[in-house]
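Below are the chains, spelled out letter by letter.
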Amino acid sequence: MGSAPSKGADVPERALPVVVVMGVSGSGKSTVGRALAAELGVEYGEGDDLHPEANVEKMAAGIPLDDEDRWPWLDKVAAWMAERSAQGGVITCSALKRVYRDRLRAAAPDAFFLHLAASHEELAHRMADRTGHFMPSSLLDSQLAALEPLADDERGAVVDATRDPAQLARETSVVLHGL
């Protein structure tokens, strides 16, 4: 006689959603995103790496991006998300406006947005202290002006970006496994 199947053996494990770690420059998207991907055991994607060179050059020159600059980039982020929608993943993307997040959700309808929020003072301090990033601190005000916080009907959470990234990753993992 064979052994009995383990409890729940015929119930497939539900895949994790793709998580978009969002927020303005300096909020810690890359740090938290890498920690969260490691915690979840899923692939990590750096949204900044998907920017067209023209966008990087524009931002490096201190010129804010407009919607027309952002659409091709958002389409690349959305394609990354769609490719990982079955197994989950974590990608960084400012996702400043609701319409941008809607575009990303069209590619991965179960996406979860983790919005890292911090004070202007904290963000400016972080941006001034970092090296090797194309985004100058002079663009912080334009990003904050464009930011539309997550609405109540959007799947996600707003968290304090000044908290320990590893702790944020652990807590977010618990939330995601409970969805």
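Residues numbered from 1 in each chain as written. Predicted model: local features only at pLDDT ≥ 70, side-chain atom pairs only at ≥ 80, totals over all residues. Heavy atoms only, no water.

Enquirer: What's the story with the pairing of strand β1 (residues 18–22) in this structure? I'm lost.
Expert: Every other side chain in a regular strand lies on the same face of the sheet, so the side chains alternate between the two faces. Counting buried positions over the five residues of β1 gives five, a clear majority of the element. Of the two faces of β1, the one carrying V18, V20 and M22 and the one carrying V19 and V21 are both buried. Note: β1 against strand β3 (residues 89–92), four bridges, orientation parallel. What sits directly across from V18, in β3, is G89. Bridge analysis of β1 against strand β4 (residues 112–117) gives four bridges, and the strand direction is parallel. Among the inter-strand pairings, M22 is bridged to a residue of β4, identified as H115. (Buried < 20%, exposed > 50% of the residue type's maximum accessible area, 1.4 Å probe, protein only. Helix = DSSP H or I, 4+ residues; strand = E, 2+ residues; numbered from the N terminus. Pairing = 2+ DSSP bridges.)

Enquirer: Just checking my understanding: could you explain the packing of aromatic side chains for this structure?
Expert: Two aromatic rings are characterised by how far apart their centres lie and by the angle between their planes. Using the criterion set out here, one finds one aromatic pair in the structure. With a centroid separation of 5.4 Å and 90° between ring planes, the pair formed by W71 and Y100 is classed as edge-to-face. Remark: Y100 occurs in helix α4 (residues 98–107) and W71 occurs in helix α3 (residues 67–83); sequence separation between them is 29 residues. (Phe/Tyr/Trp six-rings, centres within 6.5 Å; stacked < 30°, edge-to-face > 60°.)

Enquirer: Teacher, can you tell me more about α3 here?
Expert: It helps to recall that an α-helix has 3.6 residues per turn; residues three or four apart then point in one direction. The terminal C-alpha atoms of α3, which comprises 17 residues, lie 24 Å apart, in line with the 24 Å expected from a rise of 1.5 Å per residue. Residues of α3 that are buried: D69, R70, W71, W73, L74, V77, A78, W80 and M81. Along its buried surface, α3 packs onto β1, β2 (44–45), α2 (53–60), β3 and α4. Capping of α3 at its N-terminal end is provided by D66; its side-chain oxygen lies 3.1 Å from the backbone amide nitrogen of E68. (Expected span 1.5 Å × (residues − 1). Contact = heavy atoms within 4.5 Å. Polar contact = N/O pair within 3.5 Å; in protein donor to acceptor, adjacent residues only side chain to side chain.)

Enquirer: Sorry, what's going on with the packing of α3 against α4 here?
Expert: In a pair of packed helices, the angle between the axes and the distance between the axes together describe the arrangement. Two elements in contact, α3 and α4, have axes whose closest approach is 8 Å; the angle formed by their N-to-C orientations is 30°. Viewed along their axes, α3 and α4 adopt a mutual orientation that is roughly parallel. Crossing handedness for the pair α3 and α4: right-handed. Side by side, α3 and α4 meet where D67, R70, W71, L74, D75, V77, A78, M81 and A82 of the first sit next to V99, Y100, R103, L104 and A107 of the second. Classifying every residue of the contact of α3 with α4 gives 10 nonpolar, no polar and four charged. (Axes fitted to C-alpha atoms, helices over the stretch in contact; angles between N-to-C directions. Parallel < 35°, antiparallel > 145°, perpendicular 65-115°, else oblique. Left-handed = near helix turned anticlockwise from the far one by under 90°. Nonpolar A, V, L, I, M, F, W, Y, C, P; charged D, E, K, R; others polar.)

Enquirer: Is there a simple way to explain unusual backbone geometry in this structure?
Expert: Both trends apply: most residues other than glycine have a negative phi, and most peptide bonds are in trans. Of note in the backbone geometry, A95 takes a positive phi value of approximately 45° without being a glycine. The residue A95 is located in the loop between β3 and α4 in this model. Looking at A95, the relative accessible area reads 1%, which means it is buried.

Enquirer: Can you walk me through the nonpolar core in this structure?
Expert: General note: in soluble globular proteins, nonpolar side chains tend to be found buried as a group. Ranked by internal contacts, the top residues of the largest apolar core, which has 25 residues, are V20, M81, C93, L104 and F113. Those elements that place two or more of their residues in this core are β1, α3, α4, α5 (120–129) and α6 (140–146). Apart from residues lying up to four places away in sequence, F113 is in contact with V20, M22, A95, R101, L104, R105, L150, R155, G156 and A157. In terms of nonpolar packing, the next biggest core, distinct from the first, is built from 17 residues, L16, V90, L116 and L176 among them. (Core = buried A, V, L, I, M, F, W, Y, C linked by side-chain atoms within 4.5 Å.)

Enquirer: Teacher, can you tell me more about the environment of K58 here?
Expert: Following the sequence through the fold, K58 ends up in helix α2. Given a relative accessible area of 22%, K58 falls into the partly exposed group. Sequence spacing of K58 and D69 is 11 residues, and the spatial spacing of their C-alpha atoms is 9.5 Å. Among residues more than four places away in sequence, those in contact with K58 are I63, P64, L65, D66 and D69.

Enquirer: For this particular structure, what's the right way to read the side chain of H51?
Expert: Checked against the element boundaries, H51 lands in the loop between β2 and α2. Only 3.2 Å separates the side chain of H51 from the side chain of N55, close enough to count as a polar contact.

Interpretation in functional terms is not warranted from these geometric data alone.
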